[in-house]
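Breakdown of the fold
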Amino acid sequence: MSTASRDTAEDSARPGEPAGRPRTGRLSLPPAARPYAPPLLLYGVTKLVGLTIFACLLEYAGEYRKKEPRFGGGAHWWDVLQTWDGWWYLQVAEKGYDPRPLQPLAPGGLFTVQQNSVAFFPLYPGLIRGVSEVTGLGVYGSAILVSVLASFVAAAGIYAVVSALAGTRAGTIAAGLWAVAPGAGVEWAVYSESLFVAIAAWACWCVMTKRWLAAGLLAFFAGLNRPTSAALIGAVGLAALVTLLRPDSRRDQGVLGPVYAMVAAPLGLLTYITWVGLSMGDLTAYFTLQREGWAHYFDGGAYTLDVLRNVAVGHNDYLFAFSVPDLLGVQLVIALPFLIALMLRRKPPLVLVAYTLASVVTVLGTQQMFGNTARYLLPVFPLLLAPAAALSRLKWPTLTLFFTTAAVASGWYAHYVIFELGIP
């Protein structure tokens, strides 16, 4: 071989490969990203199957064509994904807020004040607006893009947390389980759940790995996304406080990081609620709007108990009654103690325990549409820890059958039931 030929062969070799080996031309992921490929592939394929079944059911039933575009209808099946709460988010993304004083309604109805878009937190619609400005997509296309991308970030975060506790196989399965969880239909819709879970999962992972600055910042952003971020904020704050109270962990991790996390975590939530109150002329305006404009408020579980009593005897004498979603919600509530006990048996970190328990208490203790219990519990990803660890003992042919069946079924119970048989 001539000198020129030898130089060419050596130049074409990859770093770390023997000189003269020809390039294969294959694309390769960065080493840090490679572990996330299997869980994200499983998540994406499983979600796509569920969404396809949802579309087929919508077209078969055809009911969505008869409904108002704002309330579960539209000209095409994909229009359903931007209805209900999605309509409000798109209004904020396109027009911003109009925080006028609360407008009383005529007495005698379920709602006593007029609904207002300030009930919907700004992070998700703000990202929609930003993506729309950058890409040129409309607000609907941008909203779906944000939700889909955020869902993959969330699946990666769930994988990171579960794999750290139960192994990479369990982490991969957990990402797949989140794709078929009850309520998962909103993950690729104009809803803020995917963005919130992406923030929550990585915030918990940051606490687990002692990255307090990142944990505090993520909890701050969570507070700008959903009011239920209070559970995450409390969990991060509690974990930081316990770290400070233990001399060994305080010496190991220092003081500034945990203190920063405790201080920064609640600022997003407090800032937005305070802004709403000041703008509407009443510091309690946000809570009044939720209670009297949407009939959502913490009642200590009275409404949940009322629903359980009625459904148990086949009655529907309760507020927001939707038979099929409510029945699925009852089954999920019955399964909760078992799922929580299994999670606790694995002795997860404090931040996961606190986040899970606070979230469950918030959901079951609040009067809201009971049929949406599956959606409200969708962010409680630590409940996937024990099922994922158990399923990780199965071989992949069996797991493939399981996820195929679950993906197909999720098109009905996680998508169609929520959007067409209830109000998401």
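Source: prediction; values computed, not measured.

Here the focus is empty space enclosed by the protein. A full pass over the atoms with the stated rule returns two cavities of 30 Å³ or more. Considered as a void within the structure, the largest cavity measures approximately 50 Å³ in volume. Along its surface, the largest cavity is lined by Y303, T304, V363, L364, T366, Q368, M369, F370, T373 and Y376. Of all the secondary structure elements, the ones that give two or more residues to the lining of the largest cavity are helix 14 (302-312), helix 16 (350-364) and helix 17 (373-377). As a volume, the second largest cavity reaches approximately 40 Å³. Residues of the lining of the second largest cavity, tallied by class, amount to six nonpolar, three polar and no charged.

This next bit is on the layout of surface pockets. Taken as a whole, the largest pocket holds about 1200 Å³ of empty space. Around the largest pocket, the lining is made up of 45 residues, and of these P227, Q290, H296, Q368 and Y376 lie nearest the centre. Among the secondary structure elements, those contributing two or more residues to the lining of the largest pocket are helix 3 (85-95), helix 7 (193-208), helix 9 (229-245), helix 12 (267-280), helix 13 (285-293), strand 1 (297-298), helix 16 and helix 17. The greatest single-element share of the lining of the largest pocket, amounting to four residues, is contributed by helix 16. As a volume, the second largest pocket reaches approximately 610 Å³. Contributing to the lining of the second largest pocket are 29 residues, with V180, A181, P182, L332 and L339 lying nearest its centre. Secondary structure elements with two or more residues in the lining of the second largest pocket: helix 6 (168-180), helix 15 (323-345), helix 17, helix 18 (385-391) and helix 19 (396-420). Per-class residue counts for the lining of the second largest pocket are 25 nonpolar, four polar and no charged.

What follows deals with the pattern of salt bridges. On inspection of all chains with the given rule, the structure shows 10 salt bridges. Across the pair D98 and R100 runs a salt bridge whose closest N-O atoms are separated by 2.5 Å. We note a salt bridge from R129 to E133, for which the minimum N-O separation is 3.1 Å. In this pair, R129 and E133 are both assigned in helix 4 (residues 123-135), four residues apart and thus about one turn of the helix distant. Here R129 falls in the partly exposed class, since its relative accessible area comes to 38%. Several salt bridges converge on common partners, so that one network encompasses D85, E193, R226 and R375.

Right, let's talk about the packing of aromatic side chains for a bit. The description of an aromatic ring pair uses the distance of the two centres, along with the angle that the planes make with each other. With the rule as written, the count across this model stands at 26 aromatic pairs. For the ring pair Y43 and F152, a centre distance of 5.3 Å and an interplane angle of 85° mean the geometry is edge-to-face. Of this pair, Y43 sits in helix 2 (residues 37-61) while F152 sits in helix 5 (residues 139-166), and the two are 109 residues apart along the sequence. When its relative accessible area of 0% is taken as the criterion, Y43 is described as buried.

Moving on, we get to the nonpolar core. Across soluble globular proteins, you tend to see nonpolar side chains buried next to one another. Within the largest apolar cluster, 121 residues are counted, with the highest numbers of intra-cluster contacts made by Y355, F381 and F419. In terms of residues, this core owes the most to one element, helix 7, which gives 13 residues. Excluding anything up to four places from it in sequence, Y355 contacts F196, A200, C204, A231, L232, A235, P379, V380, F381 and P382.

The subject of this paragraph is the state of the cysteines. Applying the stated criterion to the full structure yields zero disulfides. Counting only cysteine sulfurs, C206 is the nearest neighbor of C204, a cysteine outside any disulfide, at a range of 9.3 Å. Accessibility expressed as a relative area gives 0% for C204, which makes it buried.

Turning our eyes to something else, we now look at a nonpolar patch on the surface. Together, L238, L241, L245, V255, V259, M262, V263, L267 and L350 give the surface a local cluster of nonpolar side chains, amounting to about 700 Å² of exposed area. Breaking the nonpolar patch down by element, the ones donating at least two residues are helix 9 and helix 11 (256-264). By secondary structure assignment, the location of L245 is in helix 9. Judged by relative accessible area, L245 falls into the exposed class, the value being 61%.

Here helix 2 is 25 residues long and its end C-alpha atoms lie 36 Å apart, about the 36 Å a rise of 1.5 Å per residue gives. Listed in full, the buried residues belonging to helix 2 are P39, L42, Y43, G44, T46, K47, G50, L51, F54, A55 and L58. Buried residues along helix 2 sit against helix 5, helix 6 and helix 19. Once helix 2 finishes, G62 follows within two positions and takes phi at roughly 70°, a positive value.

Quick look at the environment of T400 now. Tracing the backbone through its elements, the reader meets T400 in helix 19. Assessed through its relative accessible area of 46%, T400 is described here as partly exposed. Sequence separation between T400 and L42 is 358 residues, and the spatial gap between their C-alpha atoms is 9.7 Å.

Turning our eyes to something else, we now look at the confidence of the model for the protein chain. Averaged over all residues, the pLDDT of the protein chain is 93; the fraction at 70 or higher stands at 94%. Note that pLDDT drops below 50 for residues 1-25; the model gives that stretch 12 contacts with residues more than four away or on any other chain.

Attention now goes to unusual backbone geometry. The phi torsion of most residues other than glycine is negative, and most of the peptide bonds are trans. Look at K210: it is not a glycine, yet its phi comes out positive at around 65°. Relative to the helices and strands, K210 is located in the loop between helix 7 and helix 8 (212-222). Positive phi is not limited to glycine here, since K347 has a value of about 50°. Within the secondary structure, K347 sits in the loop between helix 15 and helix 16. For K347, a relative accessible area of 72% translates into the label exposed.

The rules behind the values
- Residues numbered from 1 in each chain as written.
- Predicted model: local features only at pLDDT ≥ 70, side-chain atom pairs only at ≥ 80, totals over all residues.
- Heavy atoms only, no water.
- 1 Å grid on protein atoms, 1.4 Å probe; cavity = no way out; pocket = protein on both sides within 12 Å on 5 of 7 lines; lining within 4 Å.
- Points joined across faces, edges and corners; volume = space filled by probe spheres on them.
- Helix = DSSP H or I, 4+ residues; strand = E, 2+ residues; numbered from the N terminus.
- Nonpolar A, V, L, I, M, F, W, Y, C, P; charged D, E, K, R; others polar.
- Salt bridge = Lys/Arg side-chain N within 4 Å of Asp/Glu carboxyl O.
- Buried < 20%, exposed > 50% of the residue type's maximum accessible area, 1.4 Å probe, protein only.
- Phe/Tyr/Trp six-rings, centres within 6.5 Å; stacked < 30°, edge-to-face > 60°.
- Core = buried A, V, L, I, M, F, W, Y, C linked by side-chain atoms within 4.5 Å.
- Contact = heavy atoms within 4.5 Å.
- Disulfide = S-S within 2.5 Å.
- Patch = residues over 30% accessible without salt bridge, like charges linked within 9 Å, V, L, I, M, F, W, Y side chains within 5 Å.
- Areas by Shrake-Rupley, 256 points an atom, 1.4 Å probe, with all protein chains shown as cover.
- Expected span 1.5 Å × (residues − 1).
- pLDDT = per-residue confidence, 0-100.

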